[in-house]
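Each chain, written out:
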Amino acid sequence: MGFQDFLGNPATVTRLRESIAVERFPHSLILAGPKGAGKYTLALMLARAVNCLHPTQSDGLPDFCGECRNCARIGDAANLEERVAEAVAAREDLRDVDKRETRILIQTHPDVLIVPPDPPQLMIKLGQVRQVIHVAYYRPPAESKRSFSIFTSSAFMKEAANSLLKVLEEPPEHTSLILLTENPQELLPTIRSRAVVHRLGALPSTELETLLAKRRPELSAKDRALAARLAEGAVGRALTLDLGVYMASRQDALVVLRTALREPDYSQLFHATESYRAGADGQEKTANLLRALSSLVEDLLLVVAGTPGLVRNVDMGAELERLAQGLTVDWIDGAARALVQVEQGMRRNLLRSLSLDAMAVSLGEQGQRL
Ligand SMILES: [Zn+2]
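Here's a quick rundown of the structure. (Residues numbered from 1 in each chain as written. Predicted model: local features only at pLDDT ≥ 70, side-chain atom pairs only at ≥ 80, totals over all residues. Heavy atoms only, no water.)

Quick word on the coordination of the zinc ion
Taken together, the protein ligands of the zinc ion are Cys-52 (SG), Cys-65 (SG), Cys-68 (SG) and Cys-71 (SG), with distances of 2.2 to 2.4 Å. For the zinc ion, the four donor atoms are set out with angles of 102 to 119 degrees between them, so the coordination reads as tetrahedral. Binding-site remark: the zinc ion is held by donors from one chain whose sequence spacing is C-x12-C-x2-C-x2-C. Taken as a pair, Cys-52 in the loop between α2 (39-51) and β2 (56-58) and Cys-65 in the loop between β3 (61-63) and α3 (69-75) lie far apart in primary sequence, 13 residues in all. Grouping residues by exposure puts Cys-52 and Cys-65 together as buried. (Donors = N, O, S within 2.8 Å, 3.2 Å for Na, K, Ca; no water. Tetrahedral: all angles 85-135°; square planar, octahedral: opposite > 155°, others 65-115°. Helix = DSSP H or I, 4+ residues; strand = E, 2+ residues; numbered from the N terminus. Buried < 20%, exposed > 50% of the residue type's maximum accessible area, 1.4 Å probe, protein only.)

Concerning the pairing of strand β5 (residues 112-115)
Side chains Val-112 and Ile-114 project from β5 onto one buried face, and the interleaved Leu-113 and Val-115 project onto a second face that is buried too. Taking the residues that link successive antiparallel strands as the turn, the strand β4 (residues 106-109)-β5 hairpin has two residues. (Pairing = 2+ DSSP bridges.)

Here's the deal with the packing of helix α14 (residues 282-304) against helix α15 (residues 317-324)
It is at 9 Å that the axes of α14 and α15 come closest, and there the two elements cross at 75 degrees. By the criterion of interaxial angle, the relationship of α14 to α15 is roughly perpendicular. Within the contact between the two elements, α14 uses Leu-296, Asp-299, Leu-300, Val-303 and Val-304 and α15 uses Leu-320, Glu-321, Leu-323 and Ala-324. (Axes fitted to C-alpha atoms, helices over the stretch in contact; angles between N-to-C directions. Parallel < 35°, antiparallel > 145°, perpendicular 65-115°, else oblique. Contact = heavy atoms within 4.5 Å.)

Quick look at the environment of Ala-238
Turning to its location among the elements, Ala-238 is positioned in helix α11 (residues 235-240). A relative accessible area of 0% places Ala-238 in the buried class. Sequence-distant contacts of Ala-238, that is, excluding residues within four places in its chain, are made with Leu-208, Leu-212, Arg-216 and Ala-231.

Below, the structure written as structure tokens:
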């Protein structure tokens, strides 16, 4: 375990490790890059490298052991989605009055605070920044050299951004703030100007294919090409993507789509969603279905926009062309919005199958209006 596990963007990683070597790790750091470029993974690695109890070296630069008490606890935050889901579920169990007051924060190490966008608005809120301020100013790191606050999104409520700005103006000595963003322009210029910006690029799909040939030799060349496209530059996703699961979800997603597009009879749809209604794995299956639907809808947009060479589902070009016939950008936009609604509905714990059926109905209605 160490920086050798971080794939891609070696120049950026080296510069950041150099700043640890000379003990000048930035007080405020913006890691910018597309989804899946490894921003969060790198942020946790940096926090471990600074605070490792048995620090090591590789290529002449600071590295971390991955096993000491600090490394292990910071590493426990690695599965962000799962940690956030746990925190949201815990909040749901609170009394209503406490629920309103409670902000979602992840803390697997006393000196490392992770701040995800707070549902349902999915924005960083004032209450979260207040917590960061409390840790930064009034609680010196207890079990590490430097405390970290990692913001996993740059969607700030206005008061939250203003409050954060005050921290950046007078950064406490033993604290680093790391802001992760897909687009630094989303942040206030005054925030940007007070932070060091480092960029991570997505890995091109040809590079991912080469990596897959080495790390997942069991995949055929065709499957490697598909996995590389579906991963959208994200190394971790390319390496772990289960194509069998994806194909099954995509099959169901196609049924939902075809139904919505041209078949007024919903019986096929009900058949497809029946298996999602119950069972312990219902939520995961539904999430997979939604992901597959999103990738198909986005591919349809690429076909309609006249750039079919960019589609992700590279193995079904002809089928995408067929589906896209007669579709307008407006319709596809509507479908994308409907998908977002279903995802929000899921978060609000609506009956999963219900909101899926509702989506197909709403897709169908939009289709009829054209
Ligand atoms: Zn360690």
